[in-house]
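Read off the chains here:
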Amino acid sequence: MFLLLARLHKERFFRYFEKNSIAKIVIVLLFLVVLSFLALGVYASLKMGFRHIALDPFFREMLIFYVVELFLLVSFILVLASALITGIFSLFRGNGEIFLMASPEYDAKPAFVFVRMFFASLWPLLVIILPALLAIHHTFGLGSVGFFLSLVSVMVLVAFAVLSAIVLLLGIASVLHFLGRKRSSPLLTQRNLTWITVGAFLGMLAFVWERFRSVNLVEFFQARLLTKDVPDITPILEQFDMFPSHLPALTIFFSLRSELIEAFFYLFVLILHFLIGWIIFAVLRRAYLFMWQVSQEGVSGEKNASSPFIRLETAALARAETPLRAIFFKEYVTFMRNPRGMLWFGFILVIWGIQSASSFVLTHGLRGEPVSVSAFPPFVSMLAFAGILYFVAMFVLRFAFPSFSIERKRAWVIGSAPVDLSTVFMSKLFFFAQLFSLLAIIFSFFNASVRVLAPIELLIFFATVILAVFAITTYGLSLGAIFPNNETDDPEMLSTTLPGLAFIGGALLYSSVGAFGLQYLFKMDIAWPYAIFVLFSCLVIWALIRTSKRSLATREF
Amino acid sequence: MLKVEQLTKKFGDSVAVDAVNFTIGSGEVFSLIGPNSSGKTTIIKTIAGLLRPNKGQVIIGGYDIATQPLLAKSLIGYIPDEPSLWSGVTGEEFLHFVGALYGMDVKARTKKIAELLPIFHLEDIQKDYFENYSRGNKQKFSILAALLHEPKLLLVDEPIVGLDPESAGTARALFAEFARNGGSVLLVTHTLPVAEVISTKIGVLKNGSLLCSGTLEELRLEARLKDHSTLEDIYAVLTS
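(A) Expanded view of the overall build of chain A. When helices and strands are counted, chain A shows 22 helices and zero strands. Looking at chain A residue by residue over its 557 residues, the buried ones come to 36%. Intrachain contacts of chain A at a sequence separation of at least 6 include 82% that bridge at least 24 residues.

If you want it as structure tokens, here you go:
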């Protein structure tokens, strides 16, 4: 069965290149070029950072261990979150393998979902992990066996994260099914499964946050301890020992010390964890077909359009007096009621939250130290600005950019109505720009705790963020409107097309230019780079809106 | 109400519709029939303003769909063959949305929606999401949405597919009544008995060209068939 499915996927891969082959080969090559640059960037920047760490004999070992622990923990959380989102839909709602569920080999589906999610999670991580391990290898002399053990341990960690997600989902589904078996309406519904999974994940995040929230970094790293040659690593062991990512971190740590037996031991313990997880998975899988069937019934049984919140949304649409308002509220309603989209929205928010939380930990952990915030506000402002725009770009890529292509099948509703398509563009732009600006402002306030900026500087910072968010949203929406995709309406696929890559490249470049403009203004009082950035943003917004309107005027559906 | 002149539509090098001419007056139901890929849906989509003609003109109520699309579209109600809709939107919300797109004020469309829902007995499911509707119920909502703003021309692509027999009968009666009240209907269908019963004129398409059009009697003459021959017999002769 696995061979057959693998063959089907192989054929699907080659079929992808049958139409517009040259354009698609260019896309794949560009994608590889982008990944190579990313890997090179990771390698170069980590090597530079590791060299600085290596120069300090006191902090050297502890700091690198801490970096590895933190990196693996964040990676584990991200892979787990991503696998939970994909798993909810692939395990219980995906129609793609309906033939498999109708066959006697139905119980292969969860394993197939595991394999697919494992590879999907592994390759982006490898683009970062491989260069990171190489940087460690070249800076700290990680031997080849140690390098191999470290790489394998990270791959097992990814597999364990994906397996944990599937086991968690199957476990929740089993409990819901068990508790609801005597009720007239089933408890196992997509909604219940989603809410409980989200709750479990947020609970796990709260647990992680609790362990980091009150850390005093100066005490943690024993920076004032002058009696020892190297600090004690016990605080790190105590802080991370509850997390699965601790085991591969120990493998890397002992590989660095060339203590390979210990390194192998911790890899073995990790593999043992994975095998125990697989046994639980095998037990839960027995009831999979039944759970799948019940969850299909649950989909049509879910009637939640009568909740007060939904009634407010209905009222907003029912009271819309102009096409612009009607399309705006339609965007809002379809955005809010798209469970997959909302989960991805939450996922990007979680990553953004982790970034902001690390700023918080840094500020509070270094509180009172002379090396703290007063030394680098312009630099931190620049980083915060680039970070905020990076996350906004992620949101735009996932939601605004595909919004014209995903409506291809439903375009007849607006296309046949007496509505100028520029109204559609402006409604979408207002909706997404408002939403992303709101998020950017909230996170700017959160990040503001790191910076010590004068009120006027803060004002300039916020105004620039809003202008840049509007520019990036216009850019993403325009690219999606000018280059609609007729082959897929899957937002995740659309994000990896050539216009999607062009968007992300352009958005990152634009963010960097803006960040440097701000730094020049705040650090050296040089205003002209900032003025050019503002002027350029306004021009881009105007030109893109104009071009999009022209393109939409000749659009066919 | 509708004048189609030398309408030509190409997709790349392939000609989907080739210099098609026909007119529909007030009170007429014109059915376009023909084999798969004969250009029926392309014609109706071009009239609805979803595709742009390469050559020719489509005049709706005196307005050219290419040069005065907003005025022309305000006179149309379009019912597609595949009623794809937003899964997270309720039937009630969809009708309000369409009403707002056509510039209906809130009071008028609320009243009209209340009048239309009982036609297909949709009152009880109007607050449910489209993802929970059957294909037939989605089709019923798209029919109501097309009638909501009281159009002058109804464009109907495969009206009966997915509807149960009772609802199919209701839809047929609805289109006939719409024409009796002075409206014009363009019907694209493979269901020949429906076209035979409600059409005042029928056009037969093949390979993008209109082979012939006229009343059932005129088509019988064209096909050289006897008086009792059905539209299926005529179709078989004309398209063979």
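(B) Representation of the packing of helix H13 (residues 308-318) of chain A against helix H14 (residues 323-336) of chain A within the structure. Residues and elements named next belong to chain A. The interhelical angle for the contact between H13 and H14, taken along N-to-C directions, is 155°, at an axis separation of 9 Å. The pairing of H13 with H14 is recorded here as roughly antiparallel in orientation. Classified by chirality, the crossing of H14 by H13 is left-handed. For the pair H13 and H14, contact is made by Glu313, Ala316 and Leu317 and by Ala326, Phe329, Lys330, Val333 and Met336, respectively. Across the contact of H13 with H14, the residue classes tally to six nonpolar, no polar and two charged.

(C) Seen up close, the domain arrangement of chain A. All names here are of chain A. One can read the domain layout of chain A as domain 1 (14-301), domain 2 (304-337) and domain 3 (339-557). If you look at the interface, domain 2 gives seven residues, while domain 3 gives nine residues. For the side of domain 2 that touches domain 3, the residue count by class is six nonpolar, no polar and one charged.

(D) The arrangement of the sheet that holds strand S8 (residues 184-188) of chain B in detail. Residue and element names in this part refer to chain B. Strand order in the open sheet formed by six strands is S6-S7-S8-S3-S9-S10, and the pairing between neighbours is mixed. In this open sheet, the two strands that pair with only one neighbour each are strand S6 (76-79) and strand S10 (209-214). Between one strand and the next, the sheet's axes are offset by a mean angle of 15°, whatever the strand orientation. Pairing of strand S9 (residues 201-206) with S10, which is carried by five bridges, proceeds in the antiparallel orientation. From the neighbouring strand, Leu205 faces S10, where its bridge partner is Leu210. Contacts from helix H6 (residues 165-180) reach strand S3 (29-33), strand S7 (153-157) and S8 within the one sheet, and its direction differs from that of S8 by about 145°. Along the sheet, helix H9 (residues 231-239) contacts S3, S9 and S10; its crossing angle with S9, the most-contacted strand, is approximately 35°.

(E) Representation of the packing of helix H3 (residues 60-92) of chain A against helix H7 (residues 190-213) of chain A in the model. Residues and elements named next belong to chain A. Direction vectors running N to C along H3 and H7 enclose 165°, while the axes themselves pass 11 Å from each other. By the criterion of interaxial angle, the relationship of H3 to H7 is roughly antiparallel. The two elements H3 and H7 meet at a crossing, and its hand is right-handed. In this structure, H3 contributes Ala81, Leu84, Ile88 and Phe92 to the contact, and H7 contributes Gln190, Leu193, Thr194, Thr197 and Phe201. Counted by class, the contact of H3 with H7 contains six nonpolar, three polar and no charged residues.

(F) Geometry of the sheet that holds strand S4 (residues 55-60) of chain B. All names here are of chain B. Spatial ordering of the open sheet is given by S2-S1-S4-S5, a layout of four strands whose pairing is antiparallel. On the outer flanks of this sheet lie strand S2 (14-24) and strand S5 (63-64), each paired with one strand and no other. Two strands pair when backbone bridges link them, and strand S1 (residues 2-11) and S2 are joined in this way by seven bridges, in the antiparallel orientation. Considered in S2, the bridge of Lys10 is made with Val15. The strands touched by helix H1 (residues 40-47) are S1, S2 and S4; relative to S1, the strand with the most contacts, the crossing angle is about 115°.

What counts, and where the lines are drawn
Residues numbered from 1 in each chain as written. Chains lettered and ligands numbered in written order. Predicted model: local features only at pLDDT ≥ 70, side-chain atom pairs only at ≥ 80, totals over all residues. Helix = DSSP H or I, 4+ residues; strand = E, 2+ residues; numbered from the N terminus. Buried ≥ 20, exposed ≤ 12 C-beta atoms within 10 Å, placed from the backbone. Contact = placed C-beta atoms within 7 Å. Axes fitted to C-alpha atoms, helices over the stretch in contact; angles between N-to-C directions. Parallel < 35°, antiparallel > 145°, perpendicular 65-115°, else oblique. Left-handed = near helix turned anticlockwise from the far one by under 90°. Nonpolar A, V, L, I, M, F, W, Y, C, P; charged D, E, K, R; others polar. Domains from an automatic or database assignment. Pairing = 2+ DSSP bridges.

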